[in-house]
Amino acid sequence: MSQYDKDKLQAVELEIKTVKARKLELQKKAKRAEGLTTDELVELEEFDWKETLQELKKDKKYWEDLIKITTKEEPKEESKSFREADSKWISSITSIDTNYREWTTFHLDDSINPSENFYSRLKQSVALVHMKFEAGRRFVLNDFLLDILYRPEFKESLKIFPEIPMEVSKTVGNKKRKIIGDTDYTIGLGKGYDIFSNVPPNELHLIAIEAKTKWDEEEYWQCVAETATLYKSRKDVGKTKCSVWGVLSNAADWQFIFIDEKGLLWTSRRISITLRSLDEEEVVKVYRFLYFLVKSCFDACTVLSC
């Protein structure tokens with residue numbers, strides 16, 4: 001239903017009221033002592049009030065029927081947040097296959113190690129930041145992400161975008177379904193964007209990162225929903241490559257998500273870090289997995305300009 005249709009209906013209704021009011025006004029004046037002027041008498045007796053009102057009522061019915069049709073055709077909107085979305089809802093909108101598949105095809109490069117200052121910063125975060133709430137856990141994620149993205153091979157072309165609002169939708173039957181929410185972090189092409197300017201469009205983000213203090217199935221699907229939103233955003237604009245990645249972490253436990261070109265969902269096993277001791281082998285494994293995701297994102301952006 002357009003605003004034009006509404007305006008036309010309102011205009012016809014107003015004209016009907018005006019015609020009825022004018023006829024009533026003339027009839028009342030004719031009964032008063034002063035009577036009607038010659039012009040008013042001609043107007044009352046010769047103007048075809050009945051025909052005019054019938055035509056106006058036909059116009060009114062036309063616009064009412066048109067509005068009913070267009071209103072009926074408009075899909076009803078249903079919306080769920082990332083946190084509310086379950087596997088069926090995600091699949092119905094993004095068309096990804098949400099069946100469980102263990103992700104084992106990743107390649108962790110044994111030659112990749114953190115920078116010299118990484119461990120000192122990580123130890124500072126664990127020693128000085130209270131970790132009970134999510135905001136504290138993010139310090140650890142930040143240490144990993146910043147160290148990896150600042151590596152020279154990535155040429156400062158990728159950026160972290162915190163709390164980016166995103167949404168995708170699809171009409172299913174007579175309903176328009178939507179997933180909407182803010183992702184804790186996304187990583188995407190940031191070259192050419194000032195740090196205070198508008199963020200790049202959704203399709204240029206390739207990694208969704210969700211921080212938690214703990215998680216179960218609901219939090220897992222939240223991260224999948226965020227990652228699938230990136231996938232559909234790329235699909236919707238006709239990107240040649242649409243693969244995207246996701247990270248779910250509470251700083252101690254890490255799980256990685258991959259949605260491939262066919263829209264198949266893949267999930268890694270959990271990897272853990274003992275935060276109190278920061279075992280180097282555990283830390284390096286998480287570091288290399290995150291590096292693999294960032295490098296995949298970088299390669300996609302470099303080859304395809306995202």
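I will try to describe carefully the structure that is included in this document. All of these numbers come straight from a predicted model, not from anything done at the bench.

## Points about the overall build of the chain
The helix and strand tally for the chain stands at 8 helices and 8 strands. In terms of C-alpha radius of gyration, the chain reaches 31 Å, well past the compact-globule figure of 19 Å for 306 residues. For the chain, the spread of C-alpha atoms along the principal axes amounts to about 105 × 40 × 35 Å. The burial tally for the chain puts 44% of its 306 residues in the buried class. In the chain, the share of contacts with a sequence separation of at least 24, taken over all contacts with a separation of at least 6, comes to 68%. Accessible surface, the chain: about 17,300 Å² in total, of which carbon and sulfur atoms supply 51%.

## Some thoughts on the layout of surface pockets
Taken as a whole, the largest pocket holds about 180 Å³ of empty space. The wall of the largest pocket is formed by Leu146, Leu149, Tyr150, Glu156, Leu158, Lys159 and Ile160. At the level of secondary structure, the elements contributing two or more residues to the lining of the largest pocket comprise helix H6 (134-149) and strand S2 (158-172). Counting residues per element, the lining of the largest pocket draws most heavily on S2, at 3 residues. Among the residues making up the lining of the largest pocket, the classes are represented as 5 nonpolar, no polar and 2 charged. When its residues are assigned to classes, the lining of the second largest pocket shows 4 nonpolar, no polar and 2 charged.

## Describing the packing of helix H4 (residues 87-94) against helix H7 (residues 217-236)
At a minimum axis separation of 10 Å, H4 and H7 run at an interaxial angle of 0 degrees. By the angle between their directions, the pair H4 and H7 is classed as roughly parallel. Mapping the contact onto sequence places Ser87, Ile90, Ile93 and Thr94 in H4 and Trp221, Val224, Ala225, Ala228, Thr229, Tyr231 and Lys232 in H7. When its residues are assigned to classes, the contact of H4 with H7 shows 7 nonpolar, 3 polar and 1 charged.

## With respect to the packing of aromatic side chains
A complete count under the given rule lists 17 aromatic pairs for this structure. With centroids separated by 4.6 Å and ring planes inclined at 65 degrees, the aromatic side chains of phenylalanine 47 and tryptophan 49 adopt a geometry described as edge-to-face. Assessed through its relative accessible area of 7%, tryptophan 49 is described here as buried. A centroid spacing of 6.1 Å and a plane angle of 50 degrees characterise the contact between tryptophan 103 and phenylalanine 292, whose relative ring orientation is tilted. One end of the pair, tryptophan 103, is in the loop between H4 and helix H5 (118-128); the other, phenylalanine 292, is in helix H8 (residues 280-304), and 189 residues separate them in sequence. You can call phenylalanine 292 buried: its relative accessible area is 18%. Taken together, Trp103, Phe106, Phe118, Tyr119, Phe144, Trp245, Trp254, Phe256, Phe258, Tyr287, Phe289 and Phe292 form an aromatic cluster joined through their ring pairs. Stacked on the ring of tryptophan 266, the Lys or Arg arginine 101 has its end atom at 5.9 Å from the ring centre. One residue, arginine 138, lies across the ring of tyrosine 185, its end atom 5.5 Å from the ring centre.

## Quick notes on the pattern of salt bridges
Under the definition given, this model contains 21 salt bridges. Here arginine 32 makes a salt bridge to glutamate 34, at a shortest N to O gap of 3.0 Å. A salt bridge links arginine 83 to glutamate 218; the nearest nitrogen and oxygen atoms lie 3.0 Å apart. Here arginine 83 is found in the loop between strand S1 (76-81) and H4, whereas its partner glutamate 218 is found in helix H7, with 135 residues between them in sequence. With relative accessibility at 38%, the residue arginine 83 sits in the partly exposed group.

## Considering H5
Along H5, the positions that sit buried rather than exposed are Phe118, Tyr119, Leu122 and Ser125. Relative to the axis of H5, the buried residues are bounded by an arc of 125 degrees and lie together on one face. Set apart from the buried face of H5 by more than 90 degrees, the exposed residues are Lys123, Ala127 and Leu128.

## Overview of the side chain of threonine 229
For threonine 229, the location among the structural elements is in helix H7. Look at threonine 229 and you get buried, because its relative accessible area is 0%.

## So, the nonpolar core
With 48 residues, the main nonpolar core has Phe144, Ile187, Ile207, Trp254, Phe256, Leu290 and Leu293 as its most contacted residues. Going through the elements one at a time, H5, H6, strand S3 (175-189), strand S4 (205-211), strand S5 (244-249), strand S6 (253-259) and H8 are the ones with two or more residues in this core. If we skip the residues at most four places from it in the chain, phenylalanine 144 touches Phe118, Leu122, Trp254, Ile273, Val283, Val286, Tyr287 and Leu290. Among the nonpolar cores identified, the runner-up in size contains 27 residues, and Phe82, Ile179, Trp215 and Leu230 belong to it.

Each value, and the rule that gives it
Residues numbered from 1 in each chain as written. Predicted model: local features only at pLDDT ≥ 70, side-chain atom pairs only at ≥ 80, totals over all residues. Heavy atoms only, no water. Helix = DSSP H or I, 4+ residues; strand = E, 2+ residues; numbered from the N terminus. Rg over C-alpha atoms; globule rule 2.2 N^0.38 Å. Buried < 20%, exposed > 50% of the residue type's maximum accessible area, 1.4 Å probe, protein only. Contact = heavy atoms within 4.5 Å. Areas by Shrake-Rupley, 256 points an atom, 1.4 Å probe, with all protein chains shown as cover. 1 Å grid on protein atoms, 1.4 Å probe; cavity = no way out; pocket = protein on both sides within 12 Å on 5 of 7 lines; lining within 4 Å. Points joined across faces, edges and corners; volume = space filled by probe spheres on them. Nonpolar A, V, L, I, M, F, W, Y, C, P; charged D, E, K, R; others polar. Axes fitted to C-alpha atoms, helices over the stretch in contact; angles between N-to-C directions. Parallel < 35°, antiparallel > 145°, perpendicular 65-115°, else oblique. Phe/Tyr/Trp six-rings, centres within 6.5 Å; stacked < 30°, edge-to-face > 60°. Lys NZ or Arg CZ within 6 Å of the ring centre and 35° of its normal. Salt bridge = Lys/Arg side-chain N within 4 Å of Asp/Glu carboxyl O. Arc of directions from axis to C-beta. Core = buried A, V, L, I, M, F, W, Y, C linked by side-chain atoms within 4.5 Å.

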